[in-house]
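# Residue-level structure breakdown
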There are 2 protein chains.
Amino acid sequence: MDISAVNALPYEDFVNIFGNVVEKCPIITAAVWSMRPFASLSALEAAISEFIDALPESGKEGILRCHPDLASRDLHGGTLTRESREEQARAGLDALSSAEASRMAQLNVEYKERFKFPFVICARMNDKANILRQLSERCGNERAAERARGIEEVKKICRLRLQGLVLTDAPNKL
Amino acid sequence: MDISAVNALPYEDFVNIFGNVVEKCPIITAAVWSMRPFASLSALEAAISEFIDALPESGKEGILRCHPDLASRDLHGGTLTRESREEQARAGLDALSSAEASRMAQLNVEYKERFKFPFVICARMNDKANILRQLSERCGNERAAERARGIEEVKKICRLRLQGLVLTDAPNKL
């Protein structure tokens, strides 16, 4: 799909196709449709990024809270979005050892108690060992820094989802 | 559920319960969780309203675009949220005559072509005749006025959904 095809989409189709590039936040996709035409895929990505940056801090926390815990029971329970399930599986989070699963669950709880939002990381850019290490390290951050870090990860996830949808011949290209 | 029970909810439960008080916009619920404790249900409603008001105009259009067309094929196709399906059914929109359905479909198209977002009205506060009349009338509005009007209706829908979830003994009380 080239950018002129993206720009020609009615909002219903645009939201149907791109509504989950930010997890469970179709409002963001639906909002940036107002800013068409986009000169490129990067311009669409930038519009999403700017919309997120303009939200109050509570709104950024809201985005993070729309994300599932990584490697949670949801991963096996079928309640995740398709995108999240595939990304987590690709990082090996659907095949943790019992010790890894237990450590992940414990750190998820610790992280959420500290920050009041879930740990968000771009699973497609990390493997399970790396994710566990970063989860552990990031538990020690300050709240504001961690909120900003989570939003950075949201944007990485968004970029890869956008590319996967538009550049179907090169879904992993950065 | 009294307000202290609402205030005691972890964000996951809060979003699970209240995530669709603004249609398909769980980010809003997830954001206002940051503002707990709420003194009352009205205070929670006000926090949602203020969050919406602080969004850029594109964000308000984004909210409107997350709403389904009224009395569309989705109503019979099972793709609506439970809340929207019940509200539309209560207004009689699942039992339109062929002439009414055709008129509604035509006006929905006209409305969306003019405004680039769907017609939003609090179905529970209107019957089908009233909805058809208002849809027809509102097609003549200016875009900015109609965006503001749509957001007013979003807030009415939100209030009734909140009341239905919290005041289970008096779901229709205003």
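This is a predicted model, so every value here is computed, not measured.

Okay, the UniProt feature "domain: Oxo-4-hydroxy-4-carboxy-5-ureidoimidazoline decarboxylase" (unreviewed entry) in chain A next. Mapped onto this numbering, the UniProt entry gives "domain: Oxo-4-hydroxy-4-carboxy-5-ureidoimidazoline decarboxylase" (unreviewed entry) at residues 7–163 of chain A. Its end C-alpha atoms 15 Å apart, residues 7–163 of chain A is made of 64% helix and 0% strand.

Once that is clear, we can look at the interface of chain B and chain A. Between chain B and chain A, the residue contacts involve 26 residues of the former and 26 residues of the latter. Taken over both partners, the interface formed by chain B and chain A buries close to 2,000 Å², and the fraction arising from carbon and sulfur atoms is 70%. In terms of surface lost to chain A, no three residues of chain B exceed Tyr11, Ile27 and Arg65 of chain B, which account for 33% of the buried area on that side. The tally of links between chain B and chain A comes to two salt bridges. For Glu12 of chain B, the salt bridge goes to Lys112 of chain A, with nearest N and O atoms at 2.5 Å. Only helix H2 (11–18), helix H3 (26–32) and helix H5 (57–65) of chain B provide two or more residues apiece to the side of chain B that touches chain A.

On to the pattern of salt bridges. Residue and element names in this part refer to chain A. Inspection of every chain in the model, using the stated rule, returns 36 salt bridges over all chains. Residue Arg161 pairs with Glu23 through a salt bridge whose shortest N-O separation is 2.9 Å. Remark: Glu23 occurs in the loop between helix H2 (11–18) and helix H3 (26–32) and Arg161 occurs in helix H10 (residues 143–166); sequence separation between them is 138 residues. Each member of the pair, Arg161 together with Glu23, is buried.

What counts as what
Residues numbered from 1 in each chain as written. Chains lettered and ligands numbered in written order. Predicted model: local features only at pLDDT ≥ 70, side-chain atom pairs only at ≥ 80, totals over all residues. Heavy atoms only, no water. UniProt positions renumbered as here; feature names shortened; annotations may be inferred. Helix = DSSP H or I, 4+ residues; strand = E, 2+ residues; numbered from the N terminus. Contact = heavy atoms within 4.5 Å. Buried area = accessible area lost by both parts, 1.4 Å probe. Salt bridge = Lys/Arg side-chain N within 4 Å of Asp/Glu carboxyl O. Buried < 20%, exposed > 50% of the residue type's maximum accessible area, 1.4 Å probe, protein only.

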